[in-house]
Amino acid sequence: MSRSVNVAAAAGAAAMLCLAVLAGRGESPAPGMQTVTPAVPARPFAPSLQGTRPDGAVQVAADDTVMADARLIELFDYYLATVGEKTPEAVRAEIERELDRTLRPAAAAGARRVLARYIAYRQALVALSADPRLVGPDAAALQRRLAALRGLRAQYFNARELAAIFGREDAANADALARLRIRDDPALSPQQKKEQLAALDAGLPPDVRAAREAPLKIVRVEEDAARLRAQGANEEDVFHLRADAFGSDAAQRLADVDREEAAWKSRIDAYLAERRGARDDAALAALRNRMFSEEEQRRLAAYEMAQQ
């Protein structure tokens, strides 16, 4: 592949991602549509949903037509994530009850039809994922997977639904494919690859660029915090460093985490000191029960395995 073709592919991928992000921004309903947000249930459907509220929402037209879009899929996925805690049949029934509670009958029926197609798509996706012809780390393998995925989705959703449900994901996949092609192109020098990847980054929307950079920024700031502490700085200095980077609220949350981790480490050190005097397994179990809750003991077991 020539250098000019690679640049064009990179620019195209960035443009797709930019359009998808712009289309997906905000919570405003589409023109002529009402956004219906599910209420927090009085009792969680599954233990893992304790303390959460349903994701997503349903966009409904005046004639009770339901829009099949990413937010509706988020609502379905909120419940589908509990398969394993609950049977697939029970999860589907709960989603349908939620739709009936939230929507008028005609809209609920339309949403249930979308749910049926989405569940069928997910089931077909399992078989697609197991296809050995689609496995591989290179750009050609990714291109085969994406082509197969597009073909499968087209069996269950129309063009408008595909754009509304998967548009952002498709744009991100196109961006990933462009990056792999640059990485794998033997005709490009390391410097040319660096330049083309930088061009791809520059074409991303600001919010996507910020999201990509956020994990690296956290790592860099925490490395700076560790250096400050090593140089004798106090926790107030660390707080100001973090506040400059992330804001005072985030800095306070990080400080709270630091205190919790320090308290946990102090308890671990005390436990390890007393453990040396435990005579047998029964005494060790009694020590654990005295010093840690049942949930904390699961964390303790992982810590002890890491120390072996």
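Use the structure listed above.
The rules behind each value
- Residues numbered from 1 in each chain as written.
- Predicted model: local features only at pLDDT ≥ 70, side-chain atom pairs only at ≥ 80, totals over all residues.
- Heavy atoms only, no water.
- Helix = DSSP H or I, 4+ residues; strand = E, 2+ residues; numbered from the N terminus.
- Contact = heavy atoms within 4.5 Å.
- Areas by Shrake-Rupley, 256 points an atom, 1.4 Å probe, with all protein chains shown as cover.
- Axes fitted to C-alpha atoms, helices over the stretch in contact; angles between N-to-C directions.
- Parallel < 35°, antiparallel > 145°, perpendicular 65-115°, else oblique.
- Left-handed = near helix turned anticlockwise from the far one by under 90°.
- Expected span 1.5 Å × (residues − 1).
- Buried < 20%, exposed > 50% of the residue type's maximum accessible area, 1.4 Å probe, protein only.
- Arc of directions from axis to C-beta.

(A) Geometry of the overall build of the chain. Helix and strand counts for the chain come out as 12 helices and 2 strands. Listed N to C, the secondary structure of the chain is α-β-β-α-α-α-α-α-α-α-α-α-α-α in terms of helices and strands. A separation threshold of at least 6 residues defines the contact pool for the chain, and within that pool the share at least 24 residues apart is 58%. Looking at the chain as shown, the accessible area adds up to about 18300 Å², and 56% of this sits on carbon and sulfur atoms.

(B) Molecular detail of the environment of R150. Tracing the backbone through its elements, the reader meets R150 in helix α5 (residues 139-154). Through-space distance from the C-alpha of R150 to that of L162 is 9.0 Å; in sequence the pair is 12 residues apart.

(C) Summary view of the packing of helix α10 (residues 248-275) against helix α11 (residues 281-291). Running from N to C, α10 and α11 cross one another at 155 degrees; their axes reach a closest spacing of 11 Å. Here α10 is positioned roughly antiparallel relative to α11, judged by the angle of their axes. Of the two possible hands of crossing, α10 and α11 adopt the one that is right-handed. Residue-level inspection shows R267, A270, Y271, E274 and R275 of α10 in contact with α11, the latter providing L284, L287, R288, R290 and M291.

(D) Main features of helix α4 (residues 105-129). The first and last C-alpha atoms of α4 sit 36 Å apart over 25 residues, in line with the 36 Å expected at 1.5 Å per residue. Three or more residues of α4 are buried, namely A107, A108, G110, A111, V114, L115, Y118, I119, Y121 and L128. Buried residues along α4 sit against β2 (58-61), α2 (70-80), α3 (88-102), α5 and α6 (159-184).

(E) Here's a closer look at α5. Here α5 spans 22 Å end to end across 16 residues, near enough to the 22 Å set by a 1.5 Å rise per residue. Within α5, the full set of buried residues consists of A139, A141, L142, L146, L149, L152 and R153. All buried residues of α5 project into a common sector of 155 degrees when viewed along the axis, lining one side.

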